[in-house]
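What follows is the residue order along each chain.
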Amino acid sequence: VTICHPFYYLHTLLSILICMSSSASACDSVATVTVLFFASCSELAGTKHAQIEVTRGNLPGSGEGDHQAELELGPEDVPLAALVRAITERYPKLSAILPAGVAFAHNQEFVDPTSSVIRNVRSGDEIAILPPISGG
């Protein structure tokens, strides 16, 4: 049995109280995911993994003319463009190959390459970025 430090419980309780006192959408709109970089992606990023915050659901201020407004997003869905933007803001070298030159996997299941949305993303989930594989 692992026993956590008492401050861990205090921090968790405070987080819950803050979420309860603010709007539910503010607590639920951001998910922290682990992004795994493979092969050339890890070379460009300079790391094999990172924690990235992504915005889920409909972003505030999306309106007419906004591509995201055309997407049917559930409260736990992440537009692929928002994920790519969050990654390339931190790792600009990846913008040379994202999103067209890679495959995405969400919790070890490939994301449909024609999709512009990753469905049901929760904090703690894993997003893998895999460049094309060649060889024989």
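Quantities reported herein were computed from a predicted structural model and do not represent experimental measurements.

### Here we look at the pairing of strand β4 (residues 103-106)
- As judged from the four bridges shared by β4 and strand β7 (residues 126-130), these two strands associate in the antiparallel manner. Each bridged residue has a counterpart across the sheet, and for H106 the counterpart in β7 is I127.
- Where β4 and strand β5 (residues 109-110) come together, two bridges link them in antiparallel fashion. Bridge pairing in β5 places A105 opposite F110.

### Examining the pattern of salt bridges
- This model, assessed by the stated rule, comprises two salt bridges.
- Its salt-bridge partner being E76, residue R122 comes within 3.0 Å of it at the nearest N-O pair. Remark: E76 occurs in the loop between α4 (67-70) and β3 (78-79) and R122 occurs in the loop between β6 (117-118) and β7; sequence separation between them is 46 residues.
- The partly exposed category is assigned to R122, whose relative accessible area is 43%.
- Overall, E76 belongs to the partly exposed group, its relative accessible area being 22%.
- The residue D77 makes a salt bridge to R119 at a minimum N-O spacing of 2.6 Å. Separated by 42 residues along the polypeptide, D77 in the loop between α4 and β3 and R119 in the loop between β6 and β7 bring together distant segments of the chain.
- By relative accessible area, R119 is classed as partly exposed at 43%.

### Let's talk about the packing of aromatic side chains
- In total, this model carries one aromatic pair according to the counting rule given.
- Where F37 meets Y91, the ring centres are 5.4 Å apart and the plane angle is 75 degrees; that geometry is what we call edge-to-face. Here Y91 lies in the loop between α5 (80-90) and β4 and F37 lies in strand β1 (residues 30-37), a separation of 54 residues in the sequence. Y91 shares its class with F37; the two are buried.

### Quick notes on the environment of R85
- One can find R85 in helix α5.
- In this structure the C-alpha to C-alpha distance between R85 and L98, which are 13 residues apart in sequence, comes to 9.3 Å.

The rules behind each value
Residues numbered from 1 in each chain as written. Predicted model: local features only at pLDDT ≥ 70, side-chain atom pairs only at ≥ 80, totals over all residues. Heavy atoms only, no water. Pairing = 2+ DSSP bridges. Helix = DSSP H or I, 4+ residues; strand = E, 2+ residues; numbered from the N terminus. Salt bridge = Lys/Arg side-chain N within 4 Å of Asp/Glu carboxyl O. Buried < 20%, exposed > 50% of the residue type's maximum accessible area, 1.4 Å probe, protein only. Phe/Tyr/Trp six-rings, centres within 6.5 Å; stacked < 30°, edge-to-face > 60°.

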